[in-house]
Amino acid sequence: MSSFFQGPYSKRKIVLLVFLASILLGTLTFTTLYTCHRGFRRTIQFWRGMAPLVAKYKYVNFKATKIDRCSPEELEERLNVYREATAPKLVDLILRLGGIYIKIGQVMATIGQGLLPQQYLDALKPLQNGVPPRGYDEISRIIEKSTGKKMDELFIDFEKTPIGSASVAQVHKATLRPKNDGDKPSPIVIKVQYPEVAELFDADLSNLEIATRLFAPENMEVAKALRKRHENELDFTKEAANLRECTRDMQQYGVEPSLVRIPRVVDDICTQHVLAMEYLEGVSLSDAIKDEQNRVAKALGRKDGDELKVMLASKMREHFENGGGAGSGGMRMLGDKQMKIMNVLGPSATAMLRTYASVRDGFENAAISVVKFGSRLGRNDNEVGLIADTTAAKKKKKINVNLGRALKTLVHVHGIQMLLSGTYNADPHPGNILLLPDGRLGLLDYGMVGKLSEKDRETVAETIVALGDNDKVATAKLYRENGYKATLQNGKGEVDDAVLHRFASFHFDKIDLSPLTLDNGEKMDIMEVFRSNREKTVPTWVEEGRRLGGLLVGVSAQAARPISLAKEWRPIAKQALRKKE
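1. A word on the overall build of the protein
Stage number 1. Of the regular secondary structure elements, the protein holds 22 helices and 19 strands.
Stage number 2. Expressed as a percentage of the 581 residues in the protein, the buried residues total 50%.

2. As for the environment of Lys160
Stage number 1. Looking at the element boundaries, Lys160 is found in the loop between strand 1 (155-158) and strand 2 (164-165).
Stage number 2. Leave out the neighbours within four places in its chain, and Lys160 touches Tyr136 and His172.

3. A look at the nonpolar core
Stage number 1. Leu285, Leu435, Leu443 and Trp569 are the most contacted members of the largest nonpolar core, which has 116 residues in total.
Stage number 2. If one sorts the elements of this core by residue count, helix 16 (residues 403-421) sits on top with 10 residues.
Stage number 3. Every residue in contact with Trp569, bar those within four places of it in the chain, is listed here: Val411, His414, Gly415, Met418, Leu419, Ile464, Leu548 and Leu552.
Stage number 4. Listed in part, the 16 residues of the second largest apolar core include Ile143, Met151, Leu176 and Val192.

4. Regarding the pattern of salt bridges
Stage number 1. Per the stated rule, a full pass over the model turns up 25 salt bridges.
Stage number 2. The shortest N-O distance in the salt bridge between Asp445 and Lys191 comes to 3.2 Å. You can see Asp445 sitting in the loop between strand 13 (441-443) and strand 14 (449-451) and its partner Lys191 sitting in strand 4 (residues 186-193), a full 254 residues away along the chain. Both residues of the pair, Asp445 and Lys191, belong to the buried class.
Stage number 3. One salt bridge in this structure joins Glu568 and Lys408, with 3.4 Å as the shortest N-O distance. Highlighted residues: Glu568 in helix 22 (residues 565-580) and Lys408 in helix 16, separated in sequence by 160 residues.
Stage number 4. Taken together, the salt bridges that share partners define one network made up of Glu256, Arg261, Arg264 and Glu278.

5. Concerning helix 7 (residues 136-147)
Helical geometry: 3.6 residues make up each α-helical turn, so side chains three or four residues apart lie on a common side.
Stage number 1. With 12 residues, helix 7 extends 16 Å from end C-alpha to end C-alpha; this agrees with the ideal 16 Å at 1.5 Å per step.
Stage number 2. For helix 7, every residue scored as buried is listed here: Ile139, Ser140, Ile142 and Ile143. What you see down the axis of helix 7 is that its buried residues fit within an arc of 160°, all on one side. In helix 7, the exposed residues that point more than 90 degrees away from the buried face are Asp137, Arg141 and Lys145.
Stage number 3. On the buried face of helix 7, the contacting elements are helix 8 (151-154), strand 1, strand 3 (169-176), strand 4 and strand 7 (274-278).
Stage number 4. The first or second residue beyond helix 7 is Gly148, which carries a positive phi of 75°.

6. Here we look at the environment of Gly105
Stage number 1. Looking at the secondary structure, you find Gly105 in helix 4 (residues 100-111).
Stage number 2. Of the residues examined, Gly105 reaches a relative accessible area of 3% and is grouped as buried.
Stage number 3. Sequence separation of Gly105 and Pro126 is 21 residues, and the distance between their C-alpha atoms is 9.7 Å.
Stage number 4. In this structure, Gly105 is in contact with Ile94, Leu124 and Leu127, ignoring residues within four places of it in sequence.

7. Examining the packing of helix 16 against helix 22
Stage number 1. Two numbers describe how helix 16 lies on helix 22: the axes approach to 9 Å, and their chain directions differ by 30°. When the interaxial angle is binned, helix 16 and helix 22 end up roughly parallel. Once helix 16 is placed against helix 22, the crossing between them reads as right-handed. Of helix 22, the residues touching helix 16 (which contributes Lys408, Val411, His412, His414, Gly415, Ile416, Met418, Leu419 and Leu420) are Leu565, Glu568, Trp569, Ile572, Ala573, Gln575, Ala576 and Lys579.
Stage number 2. A class-by-class count of the residues in the contact of helix 16 with helix 22 yields 10 nonpolar, 4 polar and 3 charged.

8. As for a nonpolar patch on the surface
Stage number 1. Taken together, the side chains of Phe19, Leu20 and Ile23 define a hydrophobic patch exposed on the protein surface, amounting to about 290 Å² of accessible area.
Stage number 2. Mapped onto the elements, Ile23 comes out in helix 1 (residues 11-36).
Stage number 3. Here Ile23 falls in the partly exposed class, since its relative accessible area comes to 42%.

9. A look at unusual backbone geometry
Stage number 1. A cis amide bond, omega 15°, links Glu256 with the succeeding residue Pro257.
Stage number 2. Locating Pro257 in the fold gives a position in the loop between helix 11 (236-252) and strand 5 (260-261).
Stage number 3. A positive phi is found at Asp445, a non-glycine position, where the angle reads about 60°.
Stage number 4. If you check the backbone angles, Asn470 has positive phi at about 55° while not being a glycine.
Stage number 5. As for its placement among the helices and strands, Asn470 is situated in the loop between helix 17 (454-468) and helix 18 (472-481).

10. Description of the sheet that holds strand 8 (residues 283-284)
Stage number 1. One open sheet accounts for 4 strands, arranged 5-13-12-8; its pairing is mixed. The open sheet has two edge strands with one neighbour each: strand 5 and strand 8.
Stage number 2. Looking at chain direction, strand 5 and strand 13 are connected through 2 bridges and run parallel. Its bridge partner being in strand 13, Val260 is matched across the sheet by Leu441.
Stage number 3. Along the sheet, helix 16 makes contact with strand 5, strand 12 (433-435) and strand 13, crossing strand 13 at roughly 40°.

11. As for the pairing of strand 6 (residues 265-270)
Stage number 1. Relative to strand 7, strand 6 runs antiparallel, the two being bridged by 2 bridges. Residue pairing for strand 7: Val265 is matched across the bridge by Met277.
Stage number 2. Connecting the antiparallel pair strand 6 and strand 7 is a turn made up of 3 residues.

12. Structural notes on the packing of aromatic side chains
The geometry of an aromatic ring pair is captured by two quantities: the separation of the ring centres and the angle between the planes.
Stage number 1. Across all of its chains, the model carries 8 aromatic pairs by this definition.
Stage number 2. Three or more aromatic residues joined by ring pairs make a cluster, and in this case those are Tyr479, Tyr484, Phe508 and Trp541.
Stage number 3. Over the ring of Tyr194 we find Arg134, and its NZ or CZ is 4.1 Å from the ring centre.
Stage number 4. The side chain of Lys160 reaches across the aromatic face of Tyr136, ending 4.9 Å from its centre.

Each value, and the rule that gives it
- In this convention, every chain numbers its residues from 1, walking through the sequence in written order.
- Owing to the predicted nature of the model, reporting of local features is limited to residues with pLDDT of at least 70; listing and counting of side-chain atom pairs is limited to 80 or more, with chain, interface and lining totals taken over all residues.
- With hydrogens and water set aside, each side-chain value is computed from the structure's full complement of heavy atoms.
- Helix and strand labels come from DSSP, where a helix needs a run of H or I of at least four residues and a strand needs a run of E of at least two; each type is numbered from the N terminus.
- The classification of residues rests on relative accessible area computed with a 1.4 Å probe and restricted to protein chains. Under 20% of the type maximum is buried, over 50% is exposed, and intermediate values are partly exposed.
- When checking whether two residues touch, look at their non-hydrogen atoms; a contact exists if any pair is within 4.5 Å.
- The term nonpolar core refers to a set of buried residues drawn from Ala, Val, Leu, Ile, Met, Phe, Trp, Tyr and Cys, joined through side-chain atoms within 4.5 Å.
- A pairing counts as a salt bridge when a side-chain nitrogen of Lys or Arg comes within 4 Å of a carboxyl oxygen of Asp or Glu.
- Expected helix span is taken as 1.5 Å per residue step, with the number of steps being one fewer than the number of residues.
- Of all possible arcs, the one meant is that of the directions from the helix axis to the C-beta atoms.
- What counts as an axis is a line fitted to C-alpha atoms, over the stretch in contact for a helix, and the angles between N-to-C directions run from 0 to 180 degrees.
- Working definition: roughly parallel below 35 degrees, roughly antiparallel above 145 degrees, roughly perpendicular at 65 to 115 degrees, and oblique for all remaining angles.
- Should the near helix be turned counterclockwise from the far one by less than a right angle, the crossing is left-handed, whereas a clockwise turn marks it as right-handed.
- In this classification, Asp, Glu, Lys and Arg are treated as charged, Ala, Val, Leu, Ile, Met, Phe, Trp, Tyr, Cys and Pro as nonpolar, and every other residue, Gly included, as polar.
- Like charges are joined within 9 Å and nonpolar side chains (Val, Leu, Ile, Met, Phe, Trp, Tyr) within 5 Å, but only among residues with over 30% relative accessible area and no salt bridge; these make up the patches.
- To be clear on the numbers: accessible area is Shrake-Rupley with a 1.4 Å probe, and residue cover counts the displayed protein chains and nothing else.
- When DSSP locates at least two bridges between a pair of strands, those strands are taken to pair.
- Pairing of aromatic rings covers Phe, Tyr and the six-membered ring of Trp, with a centre-to-centre limit of 6.5 Å; geometry is then stacked below 30 degrees between planes, edge-to-face above 60, and tilted otherwise.
- For a ring to carry a charge above it, either NZ of a lysine or CZ of an arginine must fall within 6 Å of the ring centroid while also lying within 35 degrees of the normal to the ring plane.

The values are spatial; any link to function lies outside them.
This is the structure:
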């Protein structure tokens, strides 16, 4: 073997030596990067888990369409089998990677109703309520290191089982030790950040910035803003400041504490990695939605809410394909024969169904008053229900839940935050919303907060009004004059007014999957438009607005109560524009 490396060197031997050296150098470089560079390692880990799923999808689709010549129905059956098998694997990959991937999964679970296949929605939805928690020993060490005090010095009682766990931290209920003798102990929650989160987020955001610099350098400011937002989320002293600021703002506009409650900060326990807050007792919005669907399904003779969810997803997709926006609320969307009977019989039939559901679920010691199916979304004040408090399941408490009213409050308050205040919770997924026993909403987790300048708030308000008026020319003009640039990569070049108006609708109004009529009269499938769209510049007001708008529209769709965000926010937008004058 040693003679091979000795002269003389023919051209063939030189090529082989260069080839071997390249392999050796490549292996050494890969090993070094994988060992020392967290971002590179996470990229490899992502694609090691994702590539087999993508390859299998391509194979299933190719075999069905090119080899077996399947009909669309047969192709969908095969894809459903694929989805059933791969959805749990996708969530497992998200949980293994952690960090920003969990955030992405939570957002997709919220905005995906009617857009993503139901198998993926079902697999992703548990991420809204949390991820597998860490043990008490690790959590107590973090608290003691961060505060410089022993657990016994801080708390009379500390529940070792968390009441919630998420991508960044987990939350425990505790009883704060009073400062002075005779003071009453107070129940609080302790939010504790995982030690490796900062490094994971830094690696993921670095990868995102590299990809943006390579493929869309004009959007680097958006990537930098995203990094700043997530870095702020990892400093709990900034979250405490956000909680105080948003509480003051909402009190100024008369919605806190009358409509919503934002937990107060416990100043004595507030560090970069540990945050103590007032304890709010309630049931999460995600649990309330699931509970309603399960109970109504059982009352209608179905096994559980899974079958109902599939039916609702199908109806929701149909609704979006017909233009989306505000529609019939609650279970009325099903169009089920039993629902039609309920519409005909009216309130007495609703009472009968309520009683039947109560009997079936009596062993749970809770009942739900199901939707008055004849009511429209704008009259959801007729919807009443009772749902067990999952945060205090052992006590079997009951909480009055009015999902329609709760969703309207959620949308209204975030409209005030974005359009009037300019400081808003940028992550209102259902796991971060509590339905309190008195009917108010508890707004949790102010780690991810967005801020809009006065000029950007004005632009968003004008866009909302233009969308509410269905003024395509005005909407497109606002997008063009305020920094949004996009092209279609199908030979059609710059996007016209109709395309910009539809994009704005998705960002600030509704999910509209109906065919798009271009300015020249040509019709295009909206999914083709999305596939060929290339965003060249996305201004801050669009990036911020479409995230919040997508989450609010998605939450409403998840609860089978589709909305027109522009319609809901139009009065607030008008108020914001009058305020400027």
